[in-house]
Amino acid sequence: VNQRDRHGLEILDRDASLQLLAGRSVGRLAVVDGNQPLILPVNYALDGEAIVLRSDDGRKLRAGTRSPVCFEVDDFDESTRSGWDVVVTGRLEEVTPFDAATLDRVHRLPVTPWAEGDKRYWLRLVPGHIGGRRIPRPAVG
Amino acid sequence: MTNAEATVEVDRNGLEVLGREEALDLLARSTIGRIGVHVGALPIVLPVNFLLFDDVIVVRTSAGTKLAAATQHAVVAFEVDDFDALAHSGWSVVVTGVARAVTDPEELAHCRSLPLTDWATGHAPHYIVISTEIVTGRRLPSPLLRGRRIT
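Residues numbered from 1 in each chain as written. Chains lettered and ligands numbered in written order. Predicted model: local features only at pLDDT ≥ 70, side-chain atom pairs only at ≥ 80, totals over all residues. Heavy atoms only, no water.

Topic: the interface of chain B and chain A
Which entries qualify depends on this criterion: Whether two residues are in contact is decided by their heavy atoms, any of which lying within 4.5 Å being enough. Two parts lose some accessible area (1.4 Å probe) when they are put together, and adding that loss for both gives the buried area. We define a salt bridge as a contact between a side-chain nitrogen of Lys or Arg and a carboxyl oxygen of Asp or Glu at a distance within 4 Å. Here a polar contact is recorded for every N or O atom pair within 3.5 Å, except that within protein the pair must consist of a potential hydrogen donor and a potential acceptor, and residues adjacent in sequence are included only if both atoms are side-chain atoms. We count a stretch as a helix when DSSP gives it H or I for four or more residues in a row; a strand needs E for two or more, and each element gets its number in order from the N terminus.
Contact residues are listed per partner, giving 42 residues for chain B and 36 residues for chain A. Summed over both sides, the interface of chain B with chain A buries roughly 3300 Å², with 64% coming from carbon and sulfur. Scanning the region where chain B abuts chain A turns up 4 salt bridges. A salt bridge links aspartate 81 of chain B to arginine 28 of chain A; the shortest N-O distance between them is 2.6 Å. Taken together, chain B and chain A are joined by 3 residue pairs in polar contact (both at pLDDT 80 or more). Elements with a minimum of two residues in the side of chain B that touches chain A: strand 2 (32-39), strand 3 (42-53), strand 5 (75-84) and strand 6 (89-101) of chain B. By residue number, the principal contributor to the side of chain B that touches chain A is strand 5 of chain B, which donates 7 residues.

Here it is, written out as structure tokens:
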């Protein structure tokens, strides 16, 4: 039986959270741009424990590589009012040709942005904290 | 091409730009959103139950949480989306607005009367409202509709 937090939610540990992350391909990246939080949906894949995403030279890169970021993935079921969410905090770094081994590795990951646009930059979220919560399905009856 | 199609604005990533009305309509039909706040320089995103009432986002959370503390008259981001992993399509709406805690007894009574449940807890509810002056939205049509293959 998993541990519960004070709201009765099951606490997902790092391993359980990573397993859930591995099963999805769209998450939400939060960065602070100036003094404003931004939330951007992104396609991603995992490189070990790191989250790999692609970007053009837009807001993710401008705001994200200078400061800590937060990444969130969830899956909720309206009909049973159950689901889970995983939150990762860490630092976003650009993978450059100076780290050829990493660049080569991330290039082979299935990170396929659904949107068009020149997503020439490969970003890697190096995680600090990884954790999640699960709202269990209510018992039947 | 119809007039409706001709007026769809597309951003540099090929995403359709949603107008305010359409974005608010999508918010009105959703029940779970993600609120983004920053604690110091660290952004935090958390899923929350919400409801759109009179063009204002009403979020229900629990008293005494980090979220409750971080949303006192702070600028927050609020995001709702729906993506189809098979079709590679979907939409997202992001609101940037000032959040405040509901403390006025009359407003609190009104919030309690809304059909807004918190899936997570039966704890004492705490309501946060977020104004929707700044609403942006994007839609990603399926590649099949854009004459592209899904890879």
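Side note on empty space enclosed by the protein
To find leftover empty space, one rolls a probe the size of a water molecule over the atoms. All names here are of chain B. Let me state the cut-off plainly: Put simply, the grid is 1 Å and covers the protein atoms alone, a cavity is a trapped set of points that fit a 1.4 Å probe, a pocket is an open set with protein on both sides within 12 Å along at least five of seven lines, and lining residues have an atom within 4 Å of a point. Grid points are joined across faces, edges and corners, and a volume is the space filled by probe spheres set on the points.
Overall, the coordinates contain 1 cavity of 30 Å³ or more when judged by the stated rule. Of the volumes computed, that of the largest cavity is approximately 40 Å³. In this structure, the largest cavity is lined by Val37, Val39, Ile44, Leu46, Lys66, Leu67 and Ala70. Only strand 2, strand 3 and helix 3 (66-70) provide two or more residues apiece to the lining of the largest cavity. Considering every element that reaches the lining of the largest cavity, the biggest residue donor is helix 3, with 3 residues.

Re unusual backbone geometry
Filter applied, for reference: Only protein chains enter the accessibility calculation, which uses a 1.4 Å probe; a residue is then buried when its area is under 20% of its type maximum, exposed when over 50%, and partly exposed in between.
The phi dihedral of arginine 81 of chain A falls on the positive side, at around 50°, and the residue is not glycine. One can find arginine 81 of chain A in the loop between strand 6 (68-77) and strand 7 (82-94). What makes arginine 81 of chain A partly exposed here is its relative accessible area of 42%. Positioned with a positive phi, aspartate 54 of chain B is a non-glycine residue whose angle comes to about 55°. Exposure remark for aspartate 54 of chain B: the relative accessible area of 65% places this residue in the exposed category.

Observations concerning helix 1 (residues 14-22) of chain A
All names here are of chain A. Inclusion rule: The directions considered for the arc are those from the helix axis to the C-beta atoms.
Buried within helix 1 are the following residues: Ser17, Leu18, Leu20 and Leu21. Seen along its axis, helix 1 keeps its buried residues to an arc of 160°; they face one direction. Facing away from the buried side of helix 1 by over 90 degrees, the exposed positions are Asp15, Gln19 and Ala22. Packing partners of the buried residues in helix 1 comprise strand 1 (10-12), strand 4 (45-47), strand 5 (50-55), strand 6, strand 7 and strand 8 (121-135). The backbone nitrogen of aspartate 15 has a side-chain oxygen 3.3 Å away, supplied by the residue at the start of helix 1, namely aspartate 13.

Quick word on the pattern of salt bridges
All names here are of chain A. In total, this model carries 21 salt bridges over all chains according to the counting rule given. In this structure, the salt-bridge partner of arginine 124 is glutamate 93, at a minimum N-O distance of 3.4 Å. Taken together, the residues span a long stretch of sequence, with arginine 124 in strand 8 and glutamate 93 in strand 7 at a distance of 31 residues. On the accessibility criterion, arginine 124 (15% relative accessible area) is buried. Aspartate 104 is the partner of arginine 108 in a salt bridge, and the nearest nitrogen-oxygen pair spans 3.0 Å. By relative accessible area, arginine 108 is classed as exposed at 62%.

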